[in-house]
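# Structural characterization, general
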Amino acid sequence: MLRTSRFVATFLAGLAAAWQPAAAHAAEDETQLWLMFDSSMPLNARTDLSFLVMPRFRDASRGQDQLILRMAVDHELSDAVNLGGGLTYVIGPESFRPYQQVQLSHGDVSLRFRLEEITGGGVDRMGLRERVQLRYRTDLGGDSSLSLSGEWIDAVRSENRDTLPARDQWRAAASLKHDFDQHFHAGFGYTLIIAPAREGLPTRHIHAPLLSAGWSF
């Protein structure tokens with residue numbers, strides 16, 4: 001319990017530190033509703049195949065809704081190292097995002113490095129994003145678990161040569177999940193996205209409550 005309290009305190013302190021430079025600028029706030037449906041199945045003792053469907057609903061004045069579809073394969077090299085990759089298809093606007101990742105784990109804490117390529121209609125080269133996520137997960141008892149994560153998304157290269165990359169992002173997320181049996185789980189959570197001010201654009205905050213459900217084969 002002491003270790004959990006220390007980690008939660010550190011996580012909140014880091015979020016506060018990320019918030020401070022953003023708060024110095026006039027901010028633009030947006031609220032979205034995210035739904036997430038996922039399923040997974042083992043391919044062998046150390047390899048899993050997973051699918052994800054994620055609608056994201058926005059106020060019409062802020063932009064169009066999004067639908068995210070993802071297929072991924074994850075392979076466990078050891079208790080500490082996991083390799084994976086997959087393809088994300090985004091509608092609104094349309095883009096294809098293949099990615100590769102490595103995840104390092106120690107106890108309840110994991111560190112994930114992901115390289116994400118972005119392409120689609122109307123682009124003249126492949127865009128690149130680097131994503132680094134620190135995540136903490138702990139069992140609460142009674143088949144419930146808590147997850148806290150912080151992520152830095154670095155927009156390395158734009159998909160179009162004559163435009164700047166999308167703004168970098170800080171993301172902080174918290175979620176609760178309950179396993180109703182060995183197959184079905186559901187939960188809820190919240191994600192805060194901070195896109196710092198850049199070249200006349202104000203700092204952008206996105207608040208995204210999340211409802212999730214999934215099935216494991």
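Residues numbered from 1 in each chain as written. Predicted model: local features only at pLDDT ≥ 70, side-chain atom pairs only at ≥ 80, totals over all residues. Heavy atoms only, no water.

Right, let's get into the overall build of the protein. Scanning the protein from terminus to terminus reveals one helix and twelve strands. Helices (α) and strands (β) of the protein occur, in sequence order from the N terminus, as α-β-β-β-β-β-β-β-β-β-β-β-β. Among the 217 residues that make up the protein, the fraction classed as buried is 34%. In the protein, of all internal contacts separated by at least 6 residues, the share reaching a separation of at least 24 is 44%. As displayed, the protein has an accessible area near 12,300 Å², and 60% of this comes from carbon and sulfur atoms. (Helix = DSSP H or I, 4+ residues; strand = E, 2+ residues; numbered from the N terminus. Buried < 20%, exposed > 50% of the residue type's maximum accessible area, 1.4 Å probe, protein only. Contact = heavy atoms within 4.5 Å. Areas by Shrake-Rupley, 256 points an atom, 1.4 Å probe, with all protein chains shown as cover.)

By the element assignment, Arg 157 lies in strand E9 (residues 144-157). For Arg 157, a relative accessible area of 34% puts it in the partly exposed group. Considered as a pair, Arg 157 and Ile 118 are 39 residues apart in the sequence and their alpha carbons are 9.4 Å apart. Once you skip the residues sitting within four places of it in the chain, Arg 157 turns out to touch Arg 125, Met 126, Gly 127, Leu 128 and Pro 165.

Further remarks concern the pattern of salt bridges. Throughout the structure, instances matching the rule amount to eight salt bridges. Two residues, Arg 204 and Glu 30, come together in a salt bridge whose shortest N-O distance is 2.7 Å. In this pair, Arg 204 is assigned in strand E12 (residues 203-216) and Glu 30 in strand E1 (residues 27-31), connecting sequence segments 174 residues apart. Between Glu 116 and Arg 129 there is a salt bridge; the shortest N-O distance is 2.8 Å. Of the two residues, Glu 116 sits in strand E7 (residues 109-118) while Arg 129 sits in strand E8 (residues 127-141), which places them 13 residues apart along the sequence. For the pair Glu 116 and Arg 129, a shared accessibility class is recorded, and that class is buried. Ionic contacts of the salt-bridge type, sharing partners, join the residues Arg 112, Glu 116, Arg 129, Arg 131 and Glu 151 into one network. (Salt bridge = Lys/Arg side-chain N within 4 Å of Asp/Glu carboxyl O.)

In this fold, Met 54 is placed in strand E3 (residues 47-57). Distance from Met 54 to Leu 211, taken between C-alpha atoms, is 10.0 Å for residues 157 residues apart in sequence. Leave out the neighbours within four places in its chain, and Met 54 touches Trp 34, Leu 35, Met 36, Gln 66, Leu 67, Ile 68 and Leu 210.

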